[in-house]
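# Observations on the model geometry
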Amino acid sequence: MTWADLFERATDSETTVAAIRERLAARRDGDV
Amino acid sequence: MSEADPTRVVADADVLAADLLVGGDARDALDHVRSHSWMTLVASDALLADAEAVIADLADDALATDWRERVERERAAVDHPDGDHPGLASAYRGRAAHLLSFDEGLGSAGANLSLQAHMQVSIRTPDAFARLFDAAALYEATHDDDYPGPDRDPRG
């Protein structure tokens, strides 16, 4: 699996840095 | 503790996930690492697990699994105690001079002070790292010959 393949597959995610930070903070705070 | 190595980089889990799912500054920053075989991405299992969980949550499990398999092929693994901040601890244990994070407060008071007292790491946002990264200067400071240019396909 190349990085190009992974990036291509990820194009539909339509997520944002803010959503990523929120999800990571919840995980690290033990909320999930 | 030996000195931090300027060719060793840690990307916290937010940057790793954004590299895959968003692109932009995170991908620009990590492309610098992927483009040079003499740069090393350092990450603990806990750090990769955080990014993998975020990717699975915001995209899907299969993509997260394939991402984990790919990133494990090129990261330098480090261990740290459970409960340490995975980004800071990976940088400290892995002698990385750079820690990339979207959390601009990571280097301030409250974020694992006992660890930071011993650290020489520069904590930067991905856009700052991408802007300031000077491959030629770094190569020539750490090697005996002239910078040969990027030697790896960052999409490979």
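So, here is what we can say about the structure in this document. (Residues numbered from 1 in each chain as written. Chains lettered and ligands numbered in written order. Predicted model: local features only at pLDDT ≥ 70, side-chain atom pairs only at ≥ 80, totals over all residues.)

### What about the overall build of chain B?
For chain B, the helix and strand inventory stands at eight helices and five strands. Going residue by residue from the N terminus, the α and β elements of chain B occur as β-α-α-β-α-α-β-α-β-α-β-α-α. Considered along the principal axes of its C-alpha atoms, chain B spans approximately 45 × 35 × 25 Å. Of the contacts made within chain B by residues no fewer than 6 positions apart, 75% connect residues no fewer than 24 positions apart. (Helix = DSSP H or I, 4+ residues; strand = E, 2+ residues; numbered from the N terminus. Contact = placed C-beta atoms within 7 Å.)

### Section: the nonpolar core
Within the largest apolar cluster, 49 residues are counted, with the highest numbers of intra-cluster contacts made by V9, A17, L21 and I55 of chain B. Apart from the residues lying within four places of it in its own chain, the contact partners of A17 of chain B are I20 of chain A together with A51, V54 and I55 of chain B. (Core = buried A, V, L, I, M, F, W, Y, C linked by C-beta atoms within 7 Å. Buried ≥ 20, exposed ≤ 12 C-beta atoms within 10 Å, placed from the backbone.)

### Quick notes on unusual backbone geometry
We note that E14 of chain A has phi near 50°; this positive angle belongs to a residue other than glycine. On the secondary structure map, E14 of chain A appears in the loop between α1 (3-10) and α2 (17-28).

### Considerations on the sheet that holds strand β3 (residues 75-78) of chain B
Residues and elements named next belong to chain B. One open sheet holds the five strands; their spatial order is β3-β2-β1-β4-β5, and the pairing between them is parallel. The sheet is open, and its two edges are formed by β3 and β5 (122-124), each paired on a single side. Strand-to-strand, the axes of this sheet are offset by a mean angle of 35°, without reference to chain direction. As judged from the four bridges shared by strand β2 (residues 40-44) and β3, these two strands associate in the parallel manner. Paired with V42 across the strands is A76, a residue of β3. Those strands touched by helix α3 (residues 45-58) are β2 and β3, and its axis lies near 85° from that of β2. (Pairing = 2+ DSSP bridges. Axes fitted to C-alpha atoms, helices over the stretch in contact; angles between N-to-C directions.)

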